[in-house]
Amino acid sequence: MAKIIVVTSGKGGVGKTTTSASFATGLAQRGHKTAVIDFDVGLRNLDLIMGVERRVVFDFVNVINGEASLKQALIKDKHVDTLYILAASQTRDKDALTQEGVERVLNELAQDFEYIVCDSPAGIEKGAFMAMYFADEALVVTNPEVSSVRDSDRVLGILSSKARIAEKGLGKVKEHLVLTRYSPARVAKGEMLSVEDVKEILAIPLLGVVPESPAVLTCSNSGVPVIRDDNSDAGLAYRDLVDRFLGEERPHRFLTEPKKSLLSKLFGGG
């Protein structure tokens, strides 16, 4: 039985699509057959971050409308054999996502995949609700700032009351906190909330902390999920996150500033 995981947040620009791309890639790298779907109809960014934008012929809405088969629309990743991407439409309206249509596509994917990762648009409009409704688990992505955390709290309210599992009285969506763009130096200066602050406000288990890193933008511009960058702290953080999701114990890294050596202090590292 496939597990449906939504990557969501209340606010745009927090790193949802970056997280979706790296999380799905990480699951597939570990041998799990994984599909990742872009629910952001009208914008479509997942295919760019995954480096498959030139290979999109049919999209999610084409499949919902019966204009293409799922097999025609799924794009196989060039680097990981067990990873497939279903792009969003750039030319349709978000109303093109119907509950019946989304459910049909997810049921068909579930016959062939272990994990289905749903990259949700920001906020609580229709596309986001569709991405959340069928979820078994949720990665709630937030930045360490008050407005981002507050908006994520609203999303948690929707997951706990309006997701299909909750609606049918079958329990609740399993929630995981992913804290992105974290800077221990800025936390120390009081410019950002600390990990503990965010955990206290949202009260859900911490899955991963991804540090602020130039590698995220560099990889996105190159069409490479940052988890594939072995030399970046963000890539390592996403690897740890996937390992934890799969039940392995991993200590949280990048929560404190690296200590400067005596030489760097003497020669201008202050």
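These figures come from a predicted structure and were not determined experimentally.

Draft legend 1. The arrangement of the pairing of strand β2 (residues 34-38) in detail. Counting buried residues in β2 gives five out of five residues, a clear majority hidden from the surface. In β2, alternate side chains face the same way, and those of T34, V36 and D38 on one face and A35 and I37 on the other are all buried. Sheet topology places β2 next to strand β5 (residues 115-119); five bridges connect them, and they run parallel. Paired with I37 across the two strands is C118, which belongs to β5.

Draft legend 2. Just the packing of aromatic side chains, in detail. In the structure shown here, the tally under the stated rule is six aromatic pairs. Considering the side-chain rings of Y84 and F113, the 5.5 Å spacing of their centres and the 80° angle between planes classify their relative orientation as edge-to-face. Taken together, the positions of Y84 in strand β4 (residues 83-86) and F113 in the loop between α5 (99-110) and β5 put the pair 29 residues apart, joining distant regions of the chain. Owing to a relative accessible area of 18%, Y84 belongs among the buried residues under this scheme. For the pair F129 and Y133, a centre-to-centre distance of 5.6 Å together with 40° between the ring planes defines the contact as tilted. With a gap of four residues between them, F129 and Y133 both fall in helix α6 (residues 126-133), about one helical turn apart.

Draft legend 3. Representation of the packing of helix α1 (residues 16-29) against helix α12 (residues 233-245) within the structure. α12 packs onto α1 with a crossing angle of 60° between their chain directions and a minimal axis gap of 9 Å. Accordingly, the angle class assigned to the pair α1 and α12 is oblique. Judged by the twist between their axes, the crossing of α1 over α12 is right-handed. Listed contacts from α12 to T18, T19, S22, F23, G26 and L27 of α1 are Y238, L241, V242 and F245. Of the residues in the contact of α1 with α12, the class split is six nonpolar, four polar and no charged.

Draft legend 4. Structural detail: the environment of L106. Within the secondary structure, L106 sits in helix α5. A relative accessible area of 3% places L106 in the buried class. It is 9.2 Å that separates the C-alpha atoms of L106 and A2, two residues lying 104 residues apart in sequence. Not counting chain neighbours up to four residues away, the residues in contact with L106 comprise I4, I37, I116, C118 and F134.

Draft legend 5. Unusual backbone geometry, seen in detail. Here the phi dihedral of R181 falls at roughly 55°; this positive angle occurs in a residue that is not glycine. Here R181 lies in strand β7 (residues 174-182). Using a relative accessible area of 40% as the deciding quantity, one classes R181 as partly exposed. The phi torsion at F254 lies on the positive side, around 65°, for a residue other than glycine. Look at F254 and you get partly exposed, because its relative accessible area is 23%.

Draft legend 6. Quick peek at the pattern of salt bridges. For the structure shown, the criterion picks out 15 salt bridges. Between E145 and K11 there is a salt bridge whose closest N-O contact spans 2.6 Å. Of this pair, E145 sits in the loop between β6 (137-142) and α7 (146-162) while K11 sits in the loop between β1 (3-8) and α1, placing them 134 residues apart in sequence. K11 sits in the partly exposed class, given a relative accessible area of 26%. A salt bridge links R250 to E248, with the shortest nitrogen-to-oxygen separation between them at 2.7 Å. For E248, a relative accessible area of 27% corresponds to the partly exposed category. Residues joined by salt bridges that share partners form a network here, namely R30, D243, E248 and R250.

Draft legend 7. Focus on α7. Taking 1.5 Å of rise per residue, 17 residues should cover 24 Å, and α7 covers 24 Å from first to last C-alpha, within 8% of that figure. Looking at α7, one finds that the buried residues are S148, V149, D151, S152, V155, L156, I158 and L159. Down the axis, α7 shows its buried residues gathered within 165° of arc, on one side only. Among the exposed residues of α7, those pointing more than 90 degrees away from its buried face are V146, R150 and R154. Contacts from the buried residues of α7 go to β1, α6, β6, α8 (164-167), β7 and α10 (195-202).

Draft legend 8. Highlighting α1. The end-to-end C-alpha separation of α1 is 20 Å, in line with the 20 Å expected for 14 residues at 1.5 Å each. A large share of α1 lies buried, amounting to 13 of its 14 residues. G31 occupies a position one or two residues after α1 and carries a positive phi of about 95°.

So, how was this worked out
- Chains are numbered independently. Their residues run from 1 in the order of the written sequence.
- Only residues with pLDDT of at least 70 get local features here, since the model is predicted, and only at 80 or more are side-chain atom pairs given and counted; chain-wide, interface and lining totals rely on the full set of residues.
- Hydrogens are left out, water is left out, and the side-chain values use all remaining heavy atoms of the structure.
- Relative accessibility decides the category of a residue: with a 1.4 Å probe and only protein chains considered, values under 20% of the type maximum give buried, values over 50% give exposed, and everything between is partly exposed.
- In this text, helices come from DSSP runs of H or I with a minimum length of four residues, and strands from runs of E with a minimum of two, each type numbered from the N-terminal end.
- Only when DSSP finds a minimum of two bridges between them are two strands counted as paired.
- Two aromatic rings, drawn from Phe, Tyr or Trp (for Trp, its six-membered ring), form a pair once their centres lie within 6.5 Å of each other, and the interplanar angle then sorts them: stacked below 30 degrees, edge-to-face above 60, tilted otherwise.
- For helices, the fitted axis covers only the stretch in contact; all axes are lines through C-alpha atoms, and the angles between them, taken along N-to-C directions, range from 0 to 180 degrees.
- Any angle that falls under 35 degrees is termed roughly parallel, while one over 145 is termed roughly antiparallel, one within 65 to 115 roughly perpendicular, and all others oblique.
- Handedness of a crossing is defined here by the sense of rotation of the near helix relative to the far one, left-handed for an anticlockwise turn of less than a right angle and right-handed for a clockwise turn.
- Note on contacts: a residue pair is in contact if any heavy atoms of the two residues lie within 4.5 Å.
- Residue polarity is assigned by list, with Asp, Glu, Lys and Arg as charged and Ala, Val, Leu, Ile, Met, Phe, Trp, Tyr, Cys and Pro as nonpolar; anything else, Gly included, falls into the polar class.
- One speaks of a salt bridge when a side-chain nitrogen belonging to Lys or Arg is within 4 Å of a carboxyl oxygen belonging to Asp or Glu.
- One less than the residue count of a helix, multiplied by 1.5 Å, gives the span that helix is expected to have.
- The directions from the helix axis to the C-beta atoms are what the arc is built from.

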